[in-house]
Amino acid sequence: MQDSLYRLLYVSRSSIGGDATDLRREVDSILEVARRNNAAAGITGALMFNARFFAQALEGSQQAIERIFENIQCDLRHGSATILSFEPIEERAFLNWHMACVDQESAVLRAFNELTEGPELDPANFDGAEIFEMLQTYLRESHAA
Ligand SMILES: Cc1cc2nc3c(=O)[nH]c(=O)nc-3n(C[C@H](O)[C@H](O)[C@H](O)COP(=O)(O)O)c2cc1C
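This section reports on the structure supplied with the text. The residue numbers shown here count from 1 along each chain, following its written sequence. Owing to the predicted nature of the model, reporting of local features is limited to residues with pLDDT of at least 70; listing and counting of side-chain atom pairs is limited to 80 or more, with chain, interface and lining totals taken over all residues. As a rule here, side-chain values cover all heavy atoms of the structure and leave hydrogens and water aside.

**Some details on helix α4 (residues 128-141)**
The end-to-end C-alpha distance of α4, which contains 14 residues, comes to 20 Å, matching closely the 20 Å that a straight helix rising 1.5 Å per residue would cover. Relative accessibility thresholds used throughout: buried, under 20% of the residue-type maximum; exposed, over 50%; partly exposed, between the two (1.4 Å probe, protein chains only). The secondary structure listing takes helices from DSSP runs of H or I that are at least 4 residues long and strands from runs of E that are at least 2 residues long, numbered from the N terminus. Those residues of α4 not exposed but buried are Gly128, Ile131, Phe132, Met134, Leu135, Thr137, Tyr138 and Leu139. In what follows, residue pairs with any heavy atoms lying within 4.5 Å of each other are defined as contacts. Those residues of α4 that are buried are in contact with β1 (5-14), β2 (44-49), β3 (53-61), β4 (78-88), β5 (100-101) and α3 (107-115). Multiplying 1.5 Å by the residue count of a helix minus one yields the expected span of that helix.

See the structure below:
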């Protein structure tokens with residue numbers, strides 16, 4: 001029998017310094033490794049980021065997600081990684097993506113920037129359902145799904 005599917009959503013605080021170009025370069029290198037590892041582990045998902053926060057969805061077997069998330073949590077390019085939800089799902093939302101990434105020019109990213117405004121924001125204050133909806137909207141609108 002196939003392992004049951006799970007989806008994990010988390011938010012973390014970015015520790016990547018420098019300007020937008022430095023951030024983009026670092027995220028491109030994260031994506032390259034992520035896509036390779038996730039493809040091998042049967043993980044799909046989507047990543048959204050700005051200068052302050054990362055938000056990511058990971059879908060796959062519970063064991064595969066736990067293994068990958070353990071690595072992700074130790075990564076010094078971010079901190080305070082906080083799980084918003086980790087639940088069984090019927091089907092994958094990011095089926096074709098070993099890691100999609102929200103375009104910096106997209107309306108969804110503008111909404112994420114608004115959501116993350118404010119000085120005292122904690123990753124635990126984010127709403128997993130809202131983050132998931134934003135990632136799904138992005139893929140729908142960019143016709144990337
Ligand atoms: C925000 C963020 C998201 C990441 N997402 C993934 C991911 O989805 N899959 C993955 O394998 N690594 C991801 N990484 C990278 C891992 O932290 C780690 O560098 C990588 O898994 C190491 O892989 P390697 O042992 O093949 O070099 C992410 C890192 C950050 C900072």
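Once you've had a look at it, read on.
**Looking at the packing of aromatic side chains**
Stacked, edge-to-face and tilted are the three classes for Phe, Tyr and Trp ring pairs, Trp counted by its six-membered ring, which pair at centre distances within 6.5 Å; planes under 30 degrees apart are stacked, over 60 edge-to-face, the rest tilted. For the structure on display, the rule yields five aromatic pairs. When the centroid spacing of 6.3 Å and the interplanar angle of 35° are considered together, the rings of Phe49 and Phe54 count as tilted.

**Digging into the site of the ligand**
A cutoff of 4 Å decides nearness: a residue is near a molecule or strand if any of its heavy atoms lies inside that distance of it. Near the ligand lie 16 residues; those nearest to it are Ala34, Asn37, Asn38, Gln56 and Asp75. Any pair of N or O atoms that falls within 3.5 Å is considered a polar contact. Within protein, one atom must be able to donate a hydrogen and the other to accept it, and sequence-neighbouring residues count only if both atoms are side-chain atoms. Here an oxygen atom of the ligand sits 3.0 Å away from a polar atom, N or O, in the side chain of Asn37. Separating an oxygen atom of the ligand from a side-chain N or O atom of Gln56 is a distance of 3.1 Å. Contact with the protein chains covers 78% of the free accessible surface of the ligand, which is 620 Å². Of the grid points, spaced at 1 Å and generated over the protein atoms alone, those admitting a 1.4 Å probe that cannot get out make up cavities, while open sets with protein on both sides within 12 Å along at least five of seven lines make up pockets; any residue with an atom within 4 Å of a point is treated as lining. A cavity or pocket is said to hold a molecule if more than half of that molecule's atoms lie within 2 Å of its grid points. Among the cavities detected, the one that contains the ligand is the largest pocket. Looking at the shell around the ligand, the elements that each hand over two or more residues are α1 (20-41), β3 and α2 (62-74). Broken down by element, the shell around the ligand gets its largest block of residues, five residues, from α1. Put simply, Ala, Val, Leu, Ile, Met, Phe, Trp, Tyr, Cys and Pro go in the nonpolar bin, Asp, Glu, Lys and Arg in the charged bin, and everything else, Gly too, in the polar bin. Taken together, the residues that form the shell around the ligand break down as nine nonpolar, five polar and two charged. Accessible surface is estimated by sampling points in the Shrake-Rupley manner with a 1.4 Å probe; for residues, cover comes only from the protein chains shown.

**Topic: the sheet that holds β5**
A strand pair is defined by DSSP finding two or more bridges across the two strands. Strand order in the open sheet made by the five strands is β4-β1-β3-β2-β5, with mixed pairing throughout. Lying at the two open borders of the sheet, with one neighbouring strand each, are β4 and β5. One ladder, built from two bridges, connects β2 with β5; its direction is parallel. Pairing of Ala46 across the sheet is with Ala100, part of β5. To obtain an axis, a line is fitted to C-alpha atoms, over the contacting stretch when the element is a helix, and the angle between two such axes runs from 0 to 180 degrees between their N-to-C directions. Its contacts with the sheet put α3 on β2 and β3, and the angle it makes with β2 is roughly 60°. Here α4 sits on the sheet in contact with β1, β2, β3, β4 and β5, set at roughly 100° to β1.

**Examining the pairing of β3**
For β3, the buried fraction is high: nine of the nine residues fall into the buried class. Where β1 lies against β3, nine bridges are found, and the strand directions are antiparallel. Paired with Arg7 across the two strands is Glu59, which belongs to β3. Direction of pairing for β2 relative to β3: antiparallel, over a ladder of six bridges. Bridge pairing in β3 places Gly45 opposite Leu58. The antiparallel pairing of β2 with β3 creates a hairpin that spans three residues between the two strands.

**A word on unusual backbone geometry**
With a phi close to 50°, Ser80 is a non-glycine residue in the positive phi region. Here Ser80 shows up in strand β4. Overall, Ser80 belongs to the partly exposed group, its relative accessible area being 46%.

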